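Residue-level structure breakdown
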Amino acid sequence: MVKFSTLRHALVCLALTASLSASMELHATAMSESVYRALEGIRDQVSQTHYQEAHTELKKLLKDNSRLSSYERAQIWNLTGYTFYLQDNYPQAVTAYKEVLKQEDLPEALRLSTGRTLAQLWFSTGKYKEALEQAKAITANQKTQDTSLNVLMAHCLYQLKDYKESAKVIQLTIKASDKPKEGWYQLLRANYQTLEDFPAVEKVLEEMVTHFPKKEYLLALSAIYSQLEKPKKQLVLLEGVFESGQLDSEPHLKALGTLLLQQNLPIKSAQVLSQSLKAGYMEPSLDNLRLLAQAWLQAREDEKALDTLDKAAALDSSGKSSLLIAQLHLRSQQWTQAERALKTALSKELNDQPTAQLMLGMAQYNQKKYQDALISLKAASNHKKTRTSAQQWLDYTKMEIERNMEKL
């Protein structure tokens, strides 16, 4: 949820203090000397956090209601509201500020400042509808844009789940400002995110990374590019974050490695993944090791792929890693190593047993282990997937056995 921060609370407090002080000083001549001095004394009590004594004195002043002018009553209620606000007693503060607005012939500045304060207090107490109506009432009579009230209205609309209108209001506020604030963009993004308008989220985040190039926004934009299936944009962004030394989370590093592979850049992919594993940013899990091995394989770095697959095989109960090791050894005609890896694969929960049996028979054939090859190839020939190839190798094996028999 998007809410006002503690800093905003402090700023409201400062604004109320300044408004109260300026109002009393500018209009001191509109009050009797006794009321003015009494209010000054109460202000001193409030500044020293003697709130109970201040309330007692304010009530005394209000008892003499018949002698007070409308303006004097307004200032007494104004100070009462401010005192309650400092005590975090927002309901009582609201009641006091509403009394201010009931007074006749209020100076415009006091009416506006009180209206603003009420809007902020209603927002703070979760009465978003009242806060919105109060802010609208003020801005309706103003010729120029009131940025702070526009932002307040956008927050109210967000809390009232009118996300489209909230986005519209905060978007206009951003456009009208020479220096939009980060929080405004955060609110705009939250609205579009809730509406699941991801192209709009993309535009907002692209502006945010321009004005506020924080890692969290860069990574959020990366996620949106992924969601919108824009891999090239996502790759450029993640590469930039990686090169700047800010990319240290496993999901994003894995995403970068995968994107590089998809864009036919296996060497870069392998470098990113191996560096991340070495630095401890990625766990040496089976999935991560398989991805790195795939990168080395596509880069035709067989030795590095084998080294990675050996580590993966130790974690792999499926036997898939051992099967890949065997394929590499077969490719380089390392028959003994291939046979060892295939037996390891077959001892595990390997789904593709027929292919492993066929490859094992081939490795054994090339080592002239013809009797062993017959057993492996016969097993492979019992499966539709490998039947044809297994039968051909069986024929070769039988021929070799017969040839060897003739020599004896």
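We now turn to the structure provided with this report. In this text the structure is predicted, and so the values were computed from the model without any measurement. (Residues numbered from 1 in each chain as written. Predicted model: local features only at pLDDT ≥ 70, side-chain atom pairs only at ≥ 80, totals over all residues. Heavy atoms only, no water.)

What to know about the packing of helix α14 (residues 250-262) against helix α16 (residues 286-298)
The description of two helices packed together rests on the angle between their axes and the distance between the axes. Put simply, α14 and α16 touch, their axes get as near as 11 Å, and they point 25 degrees apart. Overall, the two elements α14 and α16 adopt an arrangement that is roughly parallel. For the crossing formed where α14 meets α16, the hand is left-handed. Taken together, the residues of α16 that come into contact with α14 (itself represented by E250, K254, T258 and L261) are D287, N288, L291, Q294, A295 and Q298. Taken together, the residues of the contact of α14 with α16 sort by class into three nonpolar, four polar and three charged. (Axes fitted to C-alpha atoms, helices over the stretch in contact; angles between N-to-C directions. Helix = DSSP H or I, 4+ residues; strand = E, 2+ residues; numbered from the N terminus. Parallel < 35°, antiparallel > 145°, perpendicular 65-115°, else oblique. Left-handed = near helix turned anticlockwise from the far one by under 90°. Contact = heavy atoms within 4.5 Å. Nonpolar A, V, L, I, M, F, W, Y, C, P; charged D, E, K, R; others polar.)

Notes on the side chain of T173
On the secondary structure map, T173 appears in helix α9 (residues 163-176). In this structure T173 comes out as buried when scored by relative accessible area, which is 4%. (Buried < 20%, exposed > 50% of the residue type's maximum accessible area, 1.4 Å probe, protein only.)

Things to note about the environment of Y51
By the element assignment, Y51 lies in helix α3 (residues 51-63). Sequence spacing of Y51 and T80 is 29 residues, and the spatial spacing of their C-alpha atoms is 9.8 Å. When neighbours within four sequence positions are excluded, Y51 is seen to be in contact with V46, T83, L86 and Q87.

Some thoughts on the environment of D44
As for its position among the elements, D44 is in helix α2 (residues 33-47). For D44, a relative accessible area of 45% translates into the label partly exposed. With 226 residues separating them along the chain, D44 and A270 place their C-alpha atoms 69 Å apart.

Focus: the environment of F242
In this structure, F242 sits in helix α13 (residues 231-243). Residue class for F242 comes out buried when judged on its relative accessible area of 18%. Between the C-alpha atoms of F242 and Y97, which are 145 residues apart in sequence, the distance is 54 Å. Filtering out sequence-adjacent residues up to four positions away, F242 remains in contact with L247, L253, L256, V272, Q275 and S276.

Regarding the side chain of E339
In this structure, E339 sits in helix α19 (residues 335-346). Classification of E339 by relative accessible area gives buried; the value is 4%. A polar contact is formed between the side chain of E339 and the side chain of Q364, at a distance of 3.4 Å. A polar contact of 2.9 Å, which involves the side chain of E339, links it to the side chain of Q367. Apart from residues lying up to four places away in sequence, E339 is in contact with L360, A363, Q364, Q367 and K369. (Polar contact = N/O pair within 3.5 Å; in protein donor to acceptor, adjacent residues only side chain to side chain.)

Concerning the pattern of salt bridges
This structure, assessed with the given rule, holds 19 salt bridges. Ionic pairing is found between R111 and E108, a salt bridge with its closest N-O pair at 2.4 Å. Of this pair, R111 and E108 both sit in helix α6 (residues 108-124), three residues apart, roughly one helical turn. When salt bridges with common partners are traced through the structure, they connect E202, E206, K230 and K233 into a single cluster. (Salt bridge = Lys/Arg side-chain N within 4 Å of Asp/Glu carboxyl O.)

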